[in-house]
Amino acid sequence: MEQSNTPVTALPAQAERLSWRERLSDPEFWINWTAVIALAVLVIIFGIASPAFLSFGNIRAVLVAAALLVILTVGQTFVILTGGIDLSLASTMTWAGVVLGQVVAHGGPIGLACLLAIIAGLLVGLINGLLVAWGRIPDFIATLGTLSAASGAALIFSNGEPVTIVSTFLLQLATGSLGPLPYFVLIALLVVLLGHFLLFYTRFGTHLLATGGDAEAARAMGIRTAGIKLAAYLLAGGLAGLAAILFTARIGAAEPAVDTSYLLNSVAAVVLGGVSLFGGRGTIAGPAAGALLLTVLVNGLTLLGLSQFYQPVVVGLAVVLAALLVRYWR
Amino acid sequence: MCRQSLMTRMSLILLAVLGVIITACGGASSSGSGSSGSTQVAAVIKGLDNPFFQAMQRGIQDEARTVGVSVTVQAATSITDTTGQADKLQALAGQNYGCYIVNPISGTNLVQALAPVSQAGKPIINIDNPISAQAAQAAGIKISTYIGTDNISAGHQAANEMAKLLPTGGKVALIGGIAGDVTSQQRLQGFSQGIPATIQIVQTVAADWDRQKALTAAGDILRAHPDLKGFFVANDDMALGVVRAIADAGKQGQVKVVSVDGIQDALKSIQAGQLSATVSQYPYTIGAMGVEACKAALAGKTLPAKVTAPVLVVTSDNVAQALASFPKPFSSYVDPFQDLLK
């Protein structure tokens, strides 16, 4: 991926001034929208192949299933935009879930348990941020360390045993909805909107893109890059804590075993969303659409009755094809 | 401009290729969606990376063919794929299936995906791993029947076999699965209750259902207790590790190993004179009984709330017979659904 090192921040305000024709001929447009276009194509294919796919119930099921991954992906996007990567994301979610479970198991109120879950996530984010920004350890190594440490902490805290949580609040959260919008979808949507606002309409967002684009230049301009990196990891950690609450609500238990597929899928969604793995370029909507795409793919293949042995192959193909598209458009 | 349109064309071709792959794959294995609804059966089981659940899947598919219902089987990708399993069930729950067979990874992970199924009044057949009664009640789910192995009884039968193997008694060690796992606990509990007073349990360890960990733990125990006479192991996979540790210590034949599960490799190990005995479960039969239960429920029959799946003790005396009829049981068993289907 050859690219200029200047932070290209295609602000929506600037983009709107261009005509449609100009926008369509801009490679950046296609890169940002790869996931959305692929998603549309997939929806059409599955809609034709399986009559159940476009039913209200199934669309709802897909959106609920995607909510968790969307939230984690937004966190991952912020970190990757700074030029880093958060490998500890899935472990952090498990660890925060275990904290939630233990608080409930020891008789704590569910509200406090949820709050502590988010704080547990922020704590891992803080450690990641300090290691990377001030410890000057490469992101990959620092978060590899916390990946292992957080999963170990989850096992220690839970003594390796899952805690069943029967809470009407969590059950409501998992099955209830506001009008036609399930709470899960509502929360994910809010996270995406807030993430988009933070990235494109605040000074923090601009500084974040600048840090990821060229940390040297950003520092020279007086941006506190260490603080920006720390903030990105804190965001990812906090969102992992939020995801832990939804995860626990969905499966009705705090499980100490880490489901690593969430980590891999969050990175895959970011790639599908057209975010540069070197940082500095990207959107929030793209990766969110990428996360939705991955969920739609598995849902559609399940409806078609494709054996689960083939499903990962098709998912892998989709990710590589998307990366190829981005590569050739650049 | 020209470059862009070339790129656009290329991308469309790539997407089209992906589309063809997907539709082709889907078409190749069409076993579910489509034709008329309500007599179709959907099954969601644990990961097919384990031979136990592969046998279960075969049982479901073979029986469906025998009794003439169409079935779609979906499985989790691994033992940690709790939400993925729920997603798959939810995808199937939205379709017009008449009956659902579920083997949940945990007691609660499928509960909320099952809520709409139960609300629609469709029968839910719970096989192998039980759904938490408390969670099911909180979510308002009605389970039509539960079919599974009685693990305490399986542990008990293993204890009887150990008593036969060690007529003069002696020291034994217990190797369990993950600490706190209900299945493991029940098997160990059944064994501890079933052994005569002449047999003493000197140690109990958790080897996380892992063959390698069981091998290491068994080696350590053999060094700590040189006069050890036997091991009871909570599943066959770990037992094969224990057998290896005994061979490594040069004590083959002197230390007896009894386990639970009845996987093919364990039966072969018995035939080779390594493993002493296994209390064999029949996931194939559990799956098949699930389909029978669905068929009976769809015919409007009232199902028994709980059905115990058959277990049989396999030793060197009957291992040839057990291997010949694998994955089906080698002797007759009680099947209440057969009577309902008559």
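These figures come from a predicted structure and were not determined experimentally. (Residues numbered from 1 in each chain as written. Chains lettered and ligands numbered in written order. Predicted model: local features only at pLDDT ≥ 70, side-chain atom pairs only at ≥ 80, totals over all residues. Heavy atoms only, no water.)

Chemist: Explain the overall build of chain B to me, using residue names and the numbers behind them.
Modeler: Counting its regular elements, chain B contains 13 helices and twelve strands. Within chain B, buried positions represent 56% of all 342 residues. In chain B, of all internal contacts separated by at least 6 residues, the share reaching a separation of at least 24 is 73%. In the form shown here, chain B has an accessible surface area of approximately 13800 Å², with 53% of it arising from carbon and sulfur atoms. (Helix = DSSP H or I, 4+ residues; strand = E, 2+ residues; numbered from the N terminus. Buried < 20%, exposed > 50% of the residue type's maximum accessible area, 1.4 Å probe, protein only. Contact = heavy atoms within 4.5 Å. Areas by Shrake-Rupley, 256 points an atom, 1.4 Å probe, with all protein chains shown as cover.)

Chemist: Outline the environment of Thr204 of chain B, listing residues and values.
Modeler: Residue and element names in this part refer to chain B. With respect to the secondary-structure elements, Thr204 resides in strand S7 (residues 199-206). Assessed through its relative accessible area of 47%, Thr204 is described here as partly exposed. For the pair Thr204 and Ile221, spaced 17 residues apart in sequence, the C-alpha to C-alpha distance is 9.7 Å. Aside from chain neighbours lying at most four places away, what touches Thr204 is Leu174 and Leu188.

Chemist: Explain the packing of helix H8 (residues 168-175) of chain A against helix H9 (residues 183-200) of chain A to me, and be specific about the residues and the numbers.
Modeler: All names here are of chain A. At a minimum axis distance of 6 Å, the contact between H8 and H9 shows a crossing angle of 75°. Considered as vectors, H8 and H9 are oriented roughly perpendicular to each other. Where H8 approaches H9, its residues Gln172, Leu173 and Ala174 are matched on the opposing element by Tyr183, Phe184 and Ile187. Classifying every residue of the contact of H8 with H9 by side-chain character gives five nonpolar, one polar and no charged. (Axes fitted to C-alpha atoms, helices over the stretch in contact; angles between N-to-C directions. Parallel < 35°, antiparallel > 145°, perpendicular 65-115°, else oblique. Nonpolar A, V, L, I, M, F, W, Y, C, P; charged D, E, K, R; others polar.)

Chemist: Outline the pattern of salt bridges, supporting the account with residue identities and numerical values.
Modeler: Evaluated as defined, the whole model comprises eleven salt bridges over all chains. Between Lys229 of chain A and Asp139 of chain A there is a salt bridge whose closest N-O contact spans 3.9 Å. Highlighted residues: Lys229 of chain A in helix H12 (residues 225-251) and Asp139 of chain A in helix H7 (residues 139-158), separated in sequence by 90 residues. The residues Lys229 of chain A and Asp139 of chain A share a single accessibility class, namely buried. With its nearest N and O atoms 3.2 Å apart, the salt bridge here joins Asp227 of chain B to Lys171 of chain B. Residue Asp227 of chain B is located in the loop between helix H8 (211-224) and strand S8 (228-233), and its partner Lys171 of chain B is located in strand S6 (residues 170-176); the two are separated by 56 residues in the primary sequence. On the accessibility criterion, Lys171 of chain B (24% relative accessible area) is partly exposed. (Salt bridge = Lys/Arg side-chain N within 4 Å of Asp/Glu carboxyl O.)

Chemist: Which residues make up the environment of Thr168 of chain A, and what values go with them?
Modeler: All names here are of chain A. Mapping Thr168 onto the fold places it in helix H8. You can call Thr168 exposed: its relative accessible area is 67%. In sequence terms Thr168 and Ala249 are 81 residues apart; their C-alpha atoms lie 9.7 Å from each other.

Chemist: Describe the packing of aromatic side chains, and please don't skip the residues or the numbers.
Modeler: Evaluation of the coordinates by the stated rule reveals seven aromatic pairs over all chains. Here the aromatic rings of Trp95 of chain A and Phe157 of chain A are separated by 5.3 Å at their centres, their planes lie at 80°, and the arrangement is edge-to-face. Taken together, the residues Trp95 of chain A in helix H5 (residues 89-105) and Phe157 of chain A in helix H7 connect sequence positions 62 residues apart. Judged by its relative accessible area of 47%, Phe157 of chain A falls in the partly exposed class. Seen in terms of ring centroids, Phe52 of chain B and Phe53 of chain B are 5.3 Å apart; in terms of plane orientation they differ by 80°. Their pairing is edge-to-face. Overall, the relative accessible area of 6% leaves Phe53 of chain B in the buried class. (Phe/Tyr/Trp six-rings, centres within 6.5 Å; stacked < 30°, edge-to-face > 60°.)

The values are spatial; any link to function lies outside them.
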